[in-house]
Amino acid sequence: MSDEKVSKIFESGTKEEKIYALESFVNTNDPLTINKIISKLDDSDIEVRGEAFSSLVLNENNISNLLIQNLNSESKNIRGYVALVLANRRNSDAIFAITNLTKDQSGMVRACALGALGYLKAKQSSIEIHECFLDPNLEVKKSALKAAIDIGDKISNEEIKELSMVNDPEIEKLLGQARVNS
């Protein structure tokens, strides 16, 4: 498939055409095509976004630099999902760049970044993870707590007290898990 045809499908094709194109480029190493696939992480259709995600995770080529560059995308969907793609690819070279996203303006991006850091067992990001316990966004707090548990960090009594005040069943469950691991 030519670059021009791929571009046309990604811009104005049907959901099925986009998914077929994404499936057929699962092992491309062409930077233009990879960036087009990354752009589909911001597609309006969830199935297209999911297929783009899968295509990037399953790509066996070294596409890490392109992915890491897209952590600076204007699109919050691209920033957040690329962090998760990098984590699923077990790309520990991206930890520093993902850690920077814990201060992103978007709560969704912060939550994705924390999930990625936990998945990568990024102990070096412990301070930033713990700082997110105070985030105003509930999902970010949950992701931070889960990430702290995933990297094996101890949760202080003060942090437990602070998080308990949120009065959320999922946070209570995670705190129970954190107490068991302490």
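Residues numbered from 1 in each chain as written. Predicted model: local features only at pLDDT ≥ 70, side-chain atom pairs only at ≥ 80, totals over all residues. Heavy atoms only, no water.

A. View of the overall build of the protein. Along the protein, the regular secondary structure elements total 12 helices and zero strands. Helices and strands in the protein line up, N terminus first, as α-α-α-α-α-α-α-α-α-α-α-α. Structurally, the protein occupies a C-alpha span of about 60 × 30 × 25 Å along its principal axes. In the protein, the proportion of contacts linking residues at least 24 apart, taken out of those at least 6 apart, comes to 61%. Roughly 9,600 Å² of accessible area belongs to the protein as shown, and the carbon and sulfur atoms make up 49% of that amount. Treating the 22 positive side-chain charges of the protein as one cloud and the 28 negative ones as another, the clouds have centres 4 Å apart. (Helix = DSSP H or I, 4+ residues; strand = E, 2+ residues; numbered from the N terminus. Contact = heavy atoms within 4.5 Å. Areas by Shrake-Rupley, 256 points an atom, 1.4 Å probe, with all protein chains shown as cover. Lys, Arg positive; Asp, Glu negative; His and termini not counted. Charge placed at Lys NZ, Arg CZ, Asp CG, Glu CD.)

B. Expanded view of the environment of Ser 92. With respect to the helices, strands and loops of the structure, Ser 92 is situated in the loop between helix 6 (76–88) and helix 7 (95–100). When the C-alpha positions of Ser 92 and Lys 76 are compared, they lie 21 Å apart, and in sequence the two are 16 residues distant.

C. A look at helix 6. The end-to-end C-alpha separation of helix 6 is 18 Å, in line with the 18 Å expected for 13 residues at 1.5 Å each. Within helix 6, burial applies to Asn 77, Ile 78, Arg 79, Gly 80, Val 82, Ala 83, Val 85, Leu 86 and Ala 87. Its buried side turned inward, helix 6 meets helix 3 (31–39), helix 4 (46–58), helix 5 (64–69), helix 7 and helix 8 (107–119). Sitting at the head of helix 6, Ser 75 places a side-chain oxygen 3.2 Å from the backbone nitrogen of Asn 77. (Expected span 1.5 Å × (residues − 1). Buried < 20%, exposed > 50% of the residue type's maximum accessible area, 1.4 Å probe, protein only. Polar contact = N/O pair within 3.5 Å; in protein donor to acceptor, adjacent residues only side chain to side chain.)

D. Region of the structure containing the nonpolar core. Ile 38, Leu 56, Leu 67, Val 82, Ile 98, Ile 129 and Leu 145 are the most contacted members of the largest nonpolar core, which totals 53 residues. Leaving out residues up to four positions away in the same chain, Ile 98 has contacts with Leu 71, Ala 83, Leu 86, Ala 113, Ala 116, Leu 117 and Leu 120. (Core = buried A, V, L, I, M, F, W, Y, C linked by side-chain atoms within 4.5 Å.)

E. Here's a closer look at the environment of Glu 172. Tracing the chain through its elements places Glu 172 in helix 12 (residues 169–181). When the C-alpha atoms of Glu 172 and Ile 160 are compared, they prove to be 9.4 Å apart, with 12 residues separating the residues in sequence.

F. Spotlight on the pattern of salt bridges. In the structure shown here, the tally under the stated rule is 11 salt bridges. Residue Lys 15 is joined to Glu 47 by a salt bridge in which the shortest nitrogen-to-oxygen separation is 3.0 Å. Of the two residues, Lys 15 is situated in helix 2 (residues 15–24) and Glu 47 in helix 4; the sequence distance between them amounts to 32 residues. Judged by relative accessible area, which is 27%, Lys 15 ranks as partly exposed. Taking the shortest distance from any N to any O, the salt bridge between Arg 110 and Asp 135 comes out at 2.8 Å. Of this pair, Arg 110 sits in helix 8 while Asp 135 sits in the loop between helix 9 (126–131) and helix 10 (138–150); the two residues are 25 residues apart in sequence, bridging distant segments of the chain. The burial state of Arg 110 is the same as that of Asp 135; both residues are buried. (Salt bridge = Lys/Arg side-chain N within 4 Å of Asp/Glu carboxyl O.)

G. Representation of the packing of helix 3 against helix 4 in the model. For the pair helix 3 and helix 4, the least separation of the axes is 8 Å and the interaxial angle reads 140 degrees. Taken as axis vectors, helix 3 and helix 4 run oblique relative to one another. Contact with helix 3, carried on its side by Ile 34, Ile 37 and Ile 38, involves Ala 52, Ser 55 and Leu 56 of helix 4 and no other residues of that element. Classifying every residue of the contact of helix 3 with helix 4 gives five nonpolar, one polar and no charged. (Axes fitted to C-alpha atoms, helices over the stretch in contact; angles between N-to-C directions. Parallel < 35°, antiparallel > 145°, perpendicular 65-115°, else oblique. Nonpolar A, V, L, I, M, F, W, Y, C, P; charged D, E, K, R; others polar.)

H. Looking closely at the side chain of Thr 28. Inspection of the secondary structure assignment puts Thr 28 in the loop between helix 2 and helix 3. The class of Thr 28 is buried, set by a relative accessible area of 13%. Those residues in contact with Thr 28 that sit more than four places away from it in its chain are Thr 33, Ile 34, Ile 37, Asn 59, Asn 61 and Ile 63.

I. Layout of unusual backbone geometry. The phi torsion at Arg 90 lies on the positive side, around 55 degrees, for a residue other than glycine. Here Arg 90 shows up in the loop between helix 6 and helix 7. Owing to a relative accessible area of 55%, Arg 90 belongs among the exposed residues under this scheme. One non-glycine residue, Asn 167, lies in positive phi territory at about 60 degrees. Within the fold, Asn 167 resides in the loop between helix 11 (157–164) and helix 12.

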